[in-house]
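Survey of secondary and tertiary structure
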Amino acid sequence: MIGTERWRSPNVRLAALVAAALGVRLVHLATIHAGPLFRYLLIDSAFYDAVGRRLATGGGFPEGPFFMNVLYGVFLGVIYAPFGAGDGGKLAVLVIQSILGAVSCGLTVRLGAALGRPRDGWIAGVLLAVFGPAVFYDGALLTPSLLLFLTVAALLVAARQRTSPSWPRAAGLGVLLGLLILGRANHLLLLVGLAILLARGGRAQRGAAAVMTLVALAVVAPVTVRNVAQSGAFVPVTANGGMVLWAGNHEGATGIYSEPAFLGNPVPEREAEDYRLEASRRAGRDLTLAESSRYWERATWHAWTTEPGRTARLFLRKLRFWFHATESQTNLSYYFAIDQAPVLRILRLHLGWILPLAIVGLLAGGWREPLLTLPIAVSIVTCLVFYMSSEYRHPVVPCLLLLAAAGGRVSLDVFRHAVIWRRVALGAGLVALLVLANFRDPFLARLQSRRVDYVNFGTLAAQAGDLEVAERLFRRSIAIDPDWDVSRAKLAEVLQRLGRPGEAIEELRAAEAGAGEPSPMMAASELFRAGRLEEARAAFVAIAEAGGEESAAALNNAGLCSMQLGDVKGAVQAFEASRSLDSLYASPVIHLGRLALAIGDSTAAARYADEAVELAPQDGRAQRLQARARGEVSPGEADEGMD
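Computed from a prediction, not measured in an experiment: that's the story for all the values here.

A short note on the overall build of the protein
Across its full length, the protein carries 35 helices and zero strands. In terms of overall size, the protein behaves like a compact globule, its C-alpha atoms giving a radius of gyration of 27 Å where 643 residues would be expected to give roughly 26 Å. Taken over the C-alpha atoms alone, the protein extends approximately 85 × 60 × 55 Å along its principal axes. When burial is assessed residue by residue, the protein has 54% of its 643 residues classed as buried.

Some remarks on the packing of helix 6 (residues 87-114) against helix 9 (residues 144-163)
At a minimum axis distance of 9 Å, the contact between helix 6 and helix 9 shows a crossing angle of 25°. Considered as vectors, helix 6 and helix 9 are oriented roughly parallel to each other. Here helix 6 and helix 9 pass one another in a crossing that is left-handed. Across the interface between the two elements, Gln97, Leu100, Val103, Ser104, Leu107, Thr108, Arg110, Leu111 and Ala114 of helix 6 pack against Ser145, Leu146, Leu148, Phe149, Val152, Ala153, Leu155, Leu156, Ala159 and Arg160 of helix 9. For the contact of helix 6 with helix 9, a count of residues per class yields 13 nonpolar, four polar and two charged.

Some points on the packing of aromatic side chains
Counted under the stated rule, the structure contains 19 aromatic pairs. Taken together, a centroid distance of 4.8 Å and an interplanar angle of 75° make the contact between Phe336 and Tyr454 edge-to-face. Taken as a pair, Phe336 in helix 17 (residues 334-340) and Tyr454 in helix 25 (residues 451-463) lie far apart in primary sequence, 118 residues in all. Measuring from ring centre to ring centre gives 4.5 Å for Phe336 and Phe457, while their planes differ by 10°; the resulting arrangement is stacked. Within this pair, whereas Phe336 is found in helix 17, its partner Phe457 is found in helix 25, the two being separated by 121 residues in sequence. Side by side, Phe336 and Phe457 carry an identical accessibility label, which is buried.

Notes on unusual backbone geometry
Non-glycine residue Ile43 carries a positive phi angle of around 45°. Among the secondary structure elements, Ile43 is positioned in the loop between helix 3 (36-39) and helix 4 (44-56). Of note in the backbone geometry, Arg450 takes a positive phi value of approximately 75° without being a glycine. Secondary-structure assignment places Arg450 in the loop between helix 24 (442-447) and helix 25. Assessed through its relative accessible area of 16%, Arg450 is described here as buried.

Considerations on a nonpolar patch on the surface
A cluster of nonpolar side chains, Val419, Ile420, Trp421 and Val424, forms an exposed patch at the surface whose accessible area comes to about 440 Å². Checked against the element boundaries, Ile420 lands in helix 23 (residues 420-438). Judged by its relative accessible area of 59%, Ile420 is exposed.

Thoughts on the nonpolar core
With 161 residues, the main nonpolar core has Leu177, Leu194, Met212, Trp296 and Trp322 as its most contacted residues. With 12 residues, the single largest contributor to this core is helix 9. With near-sequence residues (within four places) excluded, Met212 lies in contact with Ala170, Leu173, Gly174, Leu177, Leu191, Leu194, Ala195 and Leu198. With 37 residues, the next largest nonpolar core counts Ala536, Val589, Leu595 and Ala604 among its residues.

Some points on the packing of helix 5 (residues 71-83) against helix 6
Relative to each other, helix 5 and helix 6 sit at 120°, their axes nearing to 9 Å. In terms of orientation, helix 5 and helix 6 fall into the oblique class. When the axes of helix 5 and helix 6 are compared, the crossing they make is right-handed. Along its contact with helix 5, which presents Tyr72, Phe75, Leu76, Ile79, Tyr80 and Phe83, the element helix 6 presents Gly88, Gly89, Lys90, Ala92, Val93, Ile96, Gln97 and Leu100.

A word on the environment of Val494
Take Val494: it is sitting in helix 27 (residues 485-497). You can call Val494 buried: its relative accessible area is 2%. A sequence separation of 154 residues divides Val494 from Gln340, and the C-alpha atoms of the two residues are 21 Å apart. For Val494, the contacting residues outside a window of four places in its chain are Ala462, Leu467, Ala470, Glu471 and Phe474.

A closer look at the confidence of the model for the protein
For any part of a model where pLDDT is low, the fine detail of the predicted coordinates should not be relied upon. Confidence in the prediction of the protein, expressed as mean pLDDT, is 88, and 95% of residues score 70 or more. Counting interchain partners and residues more than four positions distant, the pLDDT-below-50 stretch residues 635-642 has 26 contacts.

Some points on the side chain of Asn69
Tracing the sequence through the fold places Asn69 in the loop between helix 4 and helix 5. The class for Asn69 is buried, based on a relative accessible area of 13%. Asn69 has contacts with Tyr48, Thr143, Leu182, Gly183 and Thr238, leaving out every residue within four places of it along the chain.

What counts, and at which threshold
- Residues numbered from 1 in each chain as written.
- Predicted model: local features only at pLDDT ≥ 70, side-chain atom pairs only at ≥ 80, totals over all residues.
- Heavy atoms only, no water.
- Helix = DSSP H or I, 4+ residues; strand = E, 2+ residues; numbered from the N terminus.
- Rg over C-alpha atoms; globule rule 2.2 N^0.38 Å.
- Buried < 20%, exposed > 50% of the residue type's maximum accessible area, 1.4 Å probe, protein only.
- Axes fitted to C-alpha atoms, helices over the stretch in contact; angles between N-to-C directions.
- Parallel < 35°, antiparallel > 145°, perpendicular 65-115°, else oblique.
- Left-handed = near helix turned anticlockwise from the far one by under 90°.
- Contact = heavy atoms within 4.5 Å.
- Nonpolar A, V, L, I, M, F, W, Y, C, P; charged D, E, K, R; others polar.
- Phe/Tyr/Trp six-rings, centres within 6.5 Å; stacked < 30°, edge-to-face > 60°.
- Patch = residues over 30% accessible without salt bridge, like charges linked within 9 Å, V, L, I, M, F, W, Y side chains within 5 Å.
- Areas by Shrake-Rupley, 256 points an atom, 1.4 Å probe, with all protein chains shown as cover.
- Salt bridge = Lys/Arg side-chain N within 4 Å of Asp/Glu carboxyl O.
- Core = buried A, V, L, I, M, F, W, Y, C linked by side-chain atoms within 4.5 Å.
- pLDDT = per-residue confidence, 0-100.

In structure tokens form, the structure reads like this:
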């Protein structure tokens, strides 16, 4: 009897919910720990990891204004400092994110109660505990998990501030909003909206709104001051706003993140430089990063005003994607993660079921609650102006779940008690919404195909020296799309490094058959693999002289040909030319380090190794070079195949 009474205690049930949610997330981490989701970091994850490493070791931020959000790199640095920047540090980050994700379930319950919807809060909290994308993001080195926690915490504090004004509480809300802005600058809109909402509550609330706003701006101020000092221009949070605008609105924009034709590499540092160089070329003068951002802002505005029809169609497309079940990735795919994570294959609850009920809840009165609708509106506006990304939508999932809980409750009442025509109308409406939220056209189906994700992770595995893993991932990509020549070409490179040249040539021929005429790079690569090094070197040099995106890689491969021919001087010249074309390309630096080791210059080898690790901290070749340069392993040469 006492146990039953204790179980009825809201606090006990809330603790049980948080514990259960944490258990689900920890099991997920345990199942992915040995796989590619944990071992290899892709694009943004690698960037944040590098920033966290620098901060944890006292290296400070890179020079120049911030061009990616500040908060997450600092978050990683704070955790890496005591736990280390290796696998232990990464695991500590994901465990802490899992704890925050589980606590977010409890905060969602509290938010429902604070809004006068305790039952909806419990339903939403339970759903968040088993919501597949939430478990996925809690186990990924990306921003959405932290931003969701901060969002639901800020909304809970705002709900309590609205009913019980307090200046300390307003100051705490300001801290949370300031952190959200540092996590993604679009939360400035949330700050403005909440300030207006509170200011409408009378004189005391207007004072609290002012305190909240001042504290939030004070949290952001150090970043703004540093940006101004580094760039000489007013950059409130990050200097990439114009680039992100153009990524979602250029002439080839699709509604999700898409690379303009001039972009050579999506790695954040290279991406920012490519945008700056292209803006400088179009402007006819050398632009800074901040000036480049303003250039792309003006270019986007020009595209909107001169092509209103295309702009309207693109906005409608983004809106449709926002209200669709598909988790549109910016880099790391939820659908690839499902393949790697048994827990995600079990937790199949997704927004295709939630969004229709959330819309019913919104129409049934949820629109009157600004603390739910305001964050959703900020997310939608962000995706319309920039591009649809599940990372932009995920932080407002608790709001959608609360509305969906209300929508489910209203629907049950209608189906139980309303007249027949109301039941029919609601049933037809729900079916229509379910179809709209879940029907996939060919474009949306491609977002879930995962062929690119397997190639991306296969490339990372190959760079880390895990060739058998890379082979398996590339073969999976081929199984998904046998006609995509990229995966076969990548597999051929790995097979060559595994000492299976016959299989490599077969894959290259299959790739060429699918692609028609082989590209110059592929033709030169086959010459290299066939041992026709003089011809291969001449072909790579010709590719570099023709210019284009592959010039740096072609010069790097020409240097590799020279290395195998014994032409050390020619190899050094080729590698130096390659790194001069792309200062963020690690491969020529690695090969220069190998050459230095080969001639016994350990000081130069260590310098090159440190530079390579800074450029590509996840590249196993760079890590092994650093170990050899420090005398930790044999200095013998390895990994001399093409990149």
